Amino acid sequence: VNPDGVDLVNGAIHDTSVYYTNAKKIAAKFSGIDFPSGWKANILGIDLNLQYPAGWREAREIKSGLGFSSPSPVNFTGSNPLSAPESAAVYNFTRAHNFRLTISYHAQGEVIYWKYLDKEPPGSREIAERFSSLSGYEVSDAPFESGHAGYKDWFINNYNRPGFTIEVGSGSNPLPLSQFAKIYNDNAEILKLGMTATA
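Throughout, a residue's number is its position along its own chain's written sequence, starting from 1. Residue-level local features of this predicted model are given only where pLDDT is at least 70; pairs of side-chain atoms are given and counted only at 80 or more, and the full residue set underlies all totals for whole chains, interfaces and linings. To get the side-chain values, take all heavy atoms of the structure and skip hydrogens and water.

## Here we look at the overall build of the protein chain
Thought 1: Here a strand is any run of E in DSSP of at least two residues, a helix any run of H or I of at least four, and the numbering for each starts at the N terminus. A count of helical and extended segments in the protein chain gives 7 helices and 4 strands.
Thought 2: Relative to the globule expectation of 16 Å for 199 residues, the C-alpha radius of gyration of the protein chain, 17 Å, shows essentially globular dimensions.
Thought 3: Counting only C-alpha atoms and orienting by the principal axes, one finds that the protein chain spans roughly 50 × 40 × 30 Å.
Thought 4: The burial tally for the protein chain puts 45% of its 199 residues in the buried class. Just to be clear, the radius of gyration here is over C-alpha atoms, and the globule rule we use is 2.2 Å times residues to the power 0.38. Buried, partly exposed and exposed residues are distinguished by accessible area as a fraction of the type maximum, computed with a 1.4 Å probe on protein chains only: under 20%, between the cut-offs, and over 50%, respectively.

Shown next, in the form of structure tokens:
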């Protein structure tokens, strides 16, 4: 759901492109983040997983307190929820369907996040435990500083249905392609179960 951010990290955006140049200017304000490898926002410097209307103001306050109050390689919430077209597209796609559960894949950590604050939709913990037994990943609560304004958070908050964020792989992002086979093997059965699981 972040095509231009991925293209930037993977070298698919040429360094003479205006998009590359603008991203490099944004990154220059954050010397502790490698460019472009440390970039996880969209090309405009908006973190797409901090864009959803569930605790968005809390996320903005937390991330601003960490120094991310303007476009940045990571952790900028944007000016409003759903201000980035990518997040708005996922939001609208979800509202147009009747999903029983959602699974969002991120990297890295080999952990499964399964609730939003104290909201635990029926069946969520049981499904998370089954995902854990299939993958070997730990079931955990999201850290408070990262536990707002994500897609999973909004889905749980809005629908009271199971939503999961699964952090795949281990090490530093971007993860090396050499981890792909293990990540696939860890998660193939989760995807099969996700298609049939009911809360």
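## What to know about the side chain of Ser 104
Thought 1: Secondary-structure assignment places Ser 104 in strand β1 (residues 102-107).
Thought 2: Assessed through its relative accessible area of 10%, Ser 104 is described here as buried.

## Side note on the pairing of strand β4 (residues 163-168)
Thought 1: In terms of burial, β4 is largely enclosed, as 6 of its 6 residues are buried.
Thought 2: Burial along β4 is two-sided: Gly 163, Thr 165 and Glu 167 facing one way and Phe 164, Ile 166 and Val 168 facing the other are all buried.
Thought 3: Where β1 and β4 come together, 6 bridges link them in parallel fashion. Bridge assignment links Ala 107 to a residue of β4, and that residue is Val 168. By the convention used here, strands pair only if DSSP detects at least 2 bridges between them.

## A short note on the sheet that holds β4
Thought 1: Reading across from one edge, β1-β4-β2-β3 is the order of the 4 strands in this open sheet, with mixed pairing throughout. Where the open sheet ends on each side, the last strands, each with one partner, are β1 and β3 (138-140). Neighbour-to-neighbour, the strand axes of this sheet turn through a mean angle of 25 degrees, independent of strand direction.
Thought 2: Summarising the sheet, strand β2 (residues 111-113) and β4 pair through 3 bridges and their orientation is antiparallel. Residue Tyr 113 lies in a different strand from β4, and its bridge partner there is Thr 165. Helix axes are fitted only over the stretch in contact, all axes being lines through C-alpha atoms; the angle between N-to-C directions runs from 0 to 180 degrees.

## Looking at the environment of Phe 99
Thought 1: Along the chain, the position of Phe 99 falls in the loop between α4 (85-95) and β1.
Thought 2: We call two residues in contact whenever any of their non-hydrogen atoms come within 4.5 Å of each other. For Phe 99, the contacting residues outside a window of four places in its chain are Phe 93, Thr 94, Phe 155 and Arg 161.

## Some points on helix α3 (residues 56-65)
Each α-helix turn comprises 3.6 residues. Residues three or four places apart therefore point the same way.
Thought 1: Taken together, the buried positions of α3 are occupied by Trp 56, Ala 59, Ile 62 and Lys 63. In an axial view of α3, the angular spread of the buried residues amounts to 125 degrees, which keeps them on one side of the axis. Along α3, the residues that are exposed and aim more than 90 degrees away from the buried face are Arg 57, Glu 61 and Gly 65.
Thought 2: Positive backbone phi, approximately 100 degrees, marks Gly 67, located one or two places after α3. The arc in question is traced by the directions running from the helix axis to the C-beta atoms.

## Points about the layout of surface pockets
Thought 1: Cavities and pockets are defined on a 1 Å grid built over the protein atoms alone: a cavity is a set of grid points where a 1.4 Å probe fits but cannot escape, while a pocket is an open set with protein on both sides within 12 Å along at least five of seven lines, and lining residues are those with an atom within 4 Å of any such point. Grid points are joined across faces, edges and corners, and a volume is the space filled by probe spheres set on the points. What the largest pocket holds in volume is close to 1,700 Å³.
Thought 2: Along the wall of the largest pocket there are 48 residues; nearest its centre are Lys 40, Tyr 105, His 106, Ala 107 and Asn 173.
Thought 3: Gly counts as polar in this scheme, as do all residues outside two lists: the nonpolar Ala, Val, Leu, Ile, Met, Phe, Trp, Tyr, Cys and Pro, and the charged Asp, Glu, Lys and Arg. Among the residues forming the lining of the largest pocket, the class breakdown is 22 nonpolar, 18 polar and 8 charged.

## Observations regarding the packing of helix α5 (residues 124-135) against helix α7 (residues 180-196)
Thought 1: Direction vectors running N to C along α5 and α7 enclose 150 degrees, while the axes themselves pass 8 Å from each other. Every pair of crossing elements has a handedness; the one defined by α5 and α7 is right-handed. In this structure, α5 contributes Arg 130, Phe 131, Leu 134 and Ser 135 to the contact, and α7 contributes Asp 186, Glu 189, Ile 190, Leu 193 and Gly 194.
Thought 2: Residues belonging to the contact of α5 with α7 are distributed by class as follows: 4 nonpolar, 2 polar and 3 charged. Should the near helix be turned anticlockwise from the far one by less than a right angle, the crossing is termed left-handed; should it be turned clockwise, right-handed.

## Thoughts on unusual backbone geometry
Thought 1: Residue Pro 36 follows Phe 35 across a cis peptide bond; omega there is 0 degrees.
Thought 2: Counting through the fold element by element, Pro 36 comes out in the loop between α2 (18-27) and α3.
Thought 3: Cis geometry is found at the peptide bond from Asn 173 to Pro 174, where omega equals -5 degrees.
Thought 4: If you trace the backbone, Pro 174 turns up in the loop between β4 and α7.

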